[in-house]
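Observations on the model geometry
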Amino acid sequence: MIDKYAVFGHPISHSKSPLIHGMFAAQLDQKLEYMAVDVAEAEFEQQVDSFLQGSGKGLNITVPFKERAWALAGLRTERAELAGAVNTLWRDESGLICGDNTDGAGLVVDLTCNHRIRLVNCRVLLLGAGGAARGVIKPLLDAGISELVIANRTLSKAQLLVSVFSFTDESSQQDTQTISACDFQGLPNGSFDLIINATSAGLGGETPDLPAHLMAEHTICYDMLYGASETPFCRWARQHQASKSLDGLGMLVEQAAESFLIWRGIKPDTAPVIDALRQSLGQQ
Ligand code: ATR
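Residues numbered from 1 in each chain as written. Predicted model: local features only at pLDDT ≥ 70, side-chain atom pairs only at ≥ 80, totals over all residues. Heavy atoms only, no water.

Let us look at the overall build of the chain. Scanning the chain from N- to C-terminus turns up 10 helices and 12 strands. Over its C-alpha trace the chain gives a radius of gyration of 19 Å, about what one expects of a compact globule, namely 19 Å for 284 residues. Expressed as a percentage of contacts within the chain between residues at least 6 apart in sequence, the contacts between residues at least 24 apart total 70%. As displayed, the chain has an accessible area near 12,900 Å², and 51% of this comes from carbon and sulfur atoms. (Helix = DSSP H or I, 4+ residues; strand = E, 2+ residues; numbered from the N terminus. Rg over C-alpha atoms; globule rule 2.2 N^0.38 Å. Contact = heavy atoms within 4.5 Å. Areas by Shrake-Rupley, 256 points an atom, 1.4 Å probe, with all protein chains shown as cover.)

So, about the side chain of T102. Note on placement: T102 falls in the loop between β6 (97–100) and α5 (103–114). Of note is the side chain of T102, whose polar atom sits 2.9 Å from the backbone oxygen of Q255. One polar contact links T102 to S259, side chain to side chain, over a distance of 3.5 Å. Discounting chain neighbours no more than four positions away, the residues touching T102 are R79, N87, T88, Q255, E258, S259 and I262. (Polar contact = N/O pair within 3.5 Å; in protein donor to acceptor, adjacent residues only side chain to side chain.)

Moving on, we come to the domain arrangement of the chain. Interface size is often expressed as the accessible area that is lost when the parts come together. As far as domains go, the chain holds domain 1 (3–101 + 252–280) and domain 2 (104–247). The distance between the C-alpha centroids of domain 1 and domain 2 comes to 25 Å. Each partner contributes to the interface: domain 1 provides 14 residues, whereas domain 2 provides 13 residues. Contact between domain 1 and domain 2 buries roughly 1,200 Å² in total, counting both sides, with carbon and sulfur atoms accounting for 58%. (Domains from an automatic or database assignment. Buried area = accessible area lost by both parts, 1.4 Å probe.)

One pass over the structure, following the stated rule, counts zero disulfides. In this structure C182 is not part of a disulfide, and its nearest cysteine sulfur, from C221, lies 15 Å away. (Disulfide = S-S within 2.5 Å.)

The next thing to look at is the pairing of strand β1 (residues 3–9). Sheet faces and side chains relate simply in a regular strand, where the side chains alternate between the two faces. Most of β1 is tucked away: five of the seven residues are buried. Where β1 meets strand β2 (residues 32–38), seven bridges bridge the pair, whose relative direction is parallel. Bridge pairing links K4 to E33 in β2. As paired strands, β1 and strand β3 (residues 56–61) are joined by five bridges and run parallel to one another. From the neighbouring strand, F8 faces β3, where its bridge partner is I61. (Buried < 20%, exposed > 50% of the residue type's maximum accessible area, 1.4 Å probe, protein only. Pairing = 2+ DSSP bridges.)

In this section: helix α10 (residues 271–280). If you check which residues of α10 are buried, you get V273, I274, L277 and R278. Along α10, the residues classed as buried sweep out an arc of 140° about the axis, all on the same side. Turned more than 90 degrees from where α10 packs its buried face, D275 and Q279 sit exposed. At its buried positions, α10 is contacted by α1 (17–27), α5 and α9 (249–264). Positive backbone phi, approximately 85°, marks G282, located one or two places after α10. (Arc of directions from axis to C-beta.)

Pairing is parallel across the open sheet formed by six strands, whose spatial order is β9-β8-β7-β10-β11-β12. Among the strands making up the open sheet, the edge pair consists of β9 (178–182) and β12 (244–246). For this sheet, the mean angle separating the axes of adjacent strands, direction not counted, is 20°. Here strand β10 (residues 192–197) pairs with strand β11 (residues 215–223) via five bridges, running parallel. Within β11, the position partnered with I195 by the bridge is C221. (Axes fitted to C-alpha atoms, helices over the stretch in contact; angles between N-to-C directions.)

This is how it looks when you write it as structure tokens:
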């Protein structure tokens, strides 16, 4: 029987995951099926269970179920544990449902491999303190950044994330890494090497109100959102002379490649898939 995979979400019609995994499978000559499933809120856990009991070998989980996927996974990777959310599920040999979160790894690979950005000793400003922000903090710290400032409209949520991530990293890097919280009015003076937008403000056509002093000549801006046209944050970055203004399409493909690796034991070549998606969005 052919191995089956799916992404579960609600709504799901916008999902590019079937297209991405279809391209990975074709590239690597792997026989599999990958579909998008719109799951009713009340049926999530039961549908996961029945999918993974049959010919279903793995699942991607998207909005609004990532926290519920975290809760139902019997075994979680450390990065998923800290993210508080799971986007990849599978069963191990004993039948246990395992969960990982590949979003942060997807971001780090996109930054470091695709865009050749050096994260070691980087001073990073992370905008937002929701699920998307939380998912990338541990991988950014592990990549060796020197400073992380989490800025959020609601200060208490940024402070909560700082308390979660300040006491978890047992590696020696902790001595040399600082992590702090602020709201947009309390942003520190000076500029950052990298500014990452993890707010959902762009979905409503907005961008957080940010002072120009955050930007130096070398500052790189990265929006975890992407779209057919330039995102509001990328536009802000370009208008403020960012040295690079990048969107999250590469992160989307890279997180999918990390999931594919977990399930199939082989990592696809992501560059042609990113190119194909850009073309399908009408960008070059
Ligand atoms: P996600 O899973 O995409 O992170 P979320 O958990 O609802 O979604 O978090 C949305 C994030 O975007 C939050 O940090 C939110 O700020 P608040 O915590 O203050 O709500 C941020 N956000 C959403 N709309 C925003 C806007 N117009 N301006 C600034 N921040 C915004």
